[in-house]
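Below are the chains, spelled out letter by letter.
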Amino acid sequence: MRPAILLAVAALAAFLARRPLKLVVRGRDRGPQPLAWAALACAASAAAAAFALELWLFRGAWMVWLAPAGLAGGVYLAFDLRNRGRELVPEIAGAAAFALLPAAMAASAPIPGWAGAPALIACGRSLPTVLLIRTYLRQRRGHLSGTAPAWIAALAAVAVAVILAGAGMGPGLAVVALAALAVRSGIYLNRPHPQVGARFLGVQELVLGAAFALAVGLAWPR
């Protein structure tokens, strides 16, 4: 079994445990919650089993990358359990956690080059998006919100992708995709009368994120 697959299974199971954990923590005053406890036990057991098997079968540089990913994920969870997951710090922490996972997976798999390159590409996709959506929704609600952070993050992501592609540590497709996302940022941030709702944005980002990960993963230099 490839070590990256075990890491992916552990990460997915840990993510699925988040919702029942919130139900259990927030519903302590409502009495027993057998379904939430059962779901939490199943997801947590799957995550622990996959991680334990990973530690038993494969040990290496991936552990260095997984540590900051777990720390960032813990910061997000601490805010989220207090119903503060939509604040800037937990949103950036959550994006960073999922961006560091590809680095851990790359470090555990026979992929040539620097393992941190996938993390930088993933951060280039997720962090500018967090800033873009926050700025856009604040503008939509009539709040004053500067667009400079979102612009800087989007352009920095393109610059980093160009450097990695030029050094042979990342695909040229990542440059094209991140540049297209930067153009999209300009369109959203300069709309005089925004009409797109938060739910539509959430679905859109889910689809774009999956397409980005699949395309960049397939195009990654071997």
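Higher on the page you've got the structure.
Quick caveat: nothing in here was measured; it's all calculated off a predicted structure. (Residues numbered from 1 in each chain as written. Predicted model: local features only at pLDDT ≥ 70, side-chain atom pairs only at ≥ 80, totals over all residues. Heavy atoms only, no water.)

Undergrad: Any chance you could explain the overall build of the protein chain here in plain terms?
TA: Scanning the protein chain from terminus to terminus reveals 8 helices and 0 strands. When the helices and strands of the protein chain are placed in sequence order, the string is α-α-α-α-α-α-α-α. Across the 222 residues that make up the protein chain, the buried fraction comes to 39%. The long-range share in the protein chain, meaning contacts at least 24 apart out of those at least 6 apart in sequence, stands at 68%. As presented, the protein chain carries roughly 12,400 Å² of accessible surface, and 71% of it is formed by carbon and sulfur atoms. (Helix = DSSP H or I, 4+ residues; strand = E, 2+ residues; numbered from the N terminus. Buried < 20%, exposed > 50% of the residue type's maximum accessible area, 1.4 Å probe, protein only. Contact = heavy atoms within 4.5 Å. Areas by Shrake-Rupley, 256 points an atom, 1.4 Å probe, with all protein chains shown as cover.)

Undergrad: Before we go on, may I ask you to explain helix 6 (residues 148-166) in this structure?
TA: Working note: α-helix, 3.6 residues per turn, so residues spaced by three or four point in the same direction. The terminal C-alpha atoms of helix 6, which comprises 19 residues, lie 27 Å apart, in line with the 27 Å expected from a rise of 1.5 Å per residue. Considered for burial, the residues of helix 6 that qualify are Ala150, Ala153, Ala154, Ala157, Val158, Ala161 and Leu164. The buried residues of helix 6 occupy an angular sector of 135° when the element is viewed end-on, so they sit on one face. Among the exposed residues of helix 6, those oriented more than 90 degrees off its buried face are Ile152, Leu155, Ile163 and Gly166. (Expected span 1.5 Å × (residues − 1). Arc of directions from axis to C-beta.)

Undergrad: Teacher, can you tell me more about the packing of aromatic side chains here?
TA: We describe a pair of aromatic rings using the distance from one ring centre to the other and the angle between the two ring planes. Applying the stated criterion across every chain, the model contains 0 aromatic pairs. Arg82 extends its terminal NZ or CZ atom over the ring of Phe79, reaching a point 5.3 Å from the ring centre. (Phe/Tyr/Trp six-rings, centres within 6.5 Å; stacked < 30°, edge-to-face > 60°. Lys NZ or Arg CZ within 6 Å of the ring centre and 35° of its normal.)

Undergrad: Explain the nonpolar core to me, please; I cannot follow it from the model alone.
TA: As a rule of thumb, soluble globular proteins bury nonpolar side chains together. In this structure, Ile121, Ala161, Leu178, Phe212, Val216 and Trp220 are the most contacted members of the largest nonpolar core, which totals 15 residues. Elements represented by at least two residues in this core include exactly helix 5 (116-140), helix 6, helix 7 (172-189) and helix 8 (198-219). Those residues in contact with Phe212 that lie beyond four places of it in its chain are Ile121, Arg125, Ala177 and Leu178. (Core = buried A, V, L, I, M, F, W, Y, C linked by side-chain atoms within 4.5 Å.)

Undergrad: How should I be thinking about the environment of Glu205 in this particular structure?
TA: On the secondary structure map, Glu205 appears in helix 8. Given a relative accessible area of 12%, Glu205 falls into the buried group. The spacing of Glu205 and Val130 is 75 residues in sequence and 10.0 Å in space, taken between C-alpha atoms. Beyond its immediate chain neighbours, meaning those up to four positions away, Glu205 contacts Arg125, Thr129, Ile133 and Arg184.

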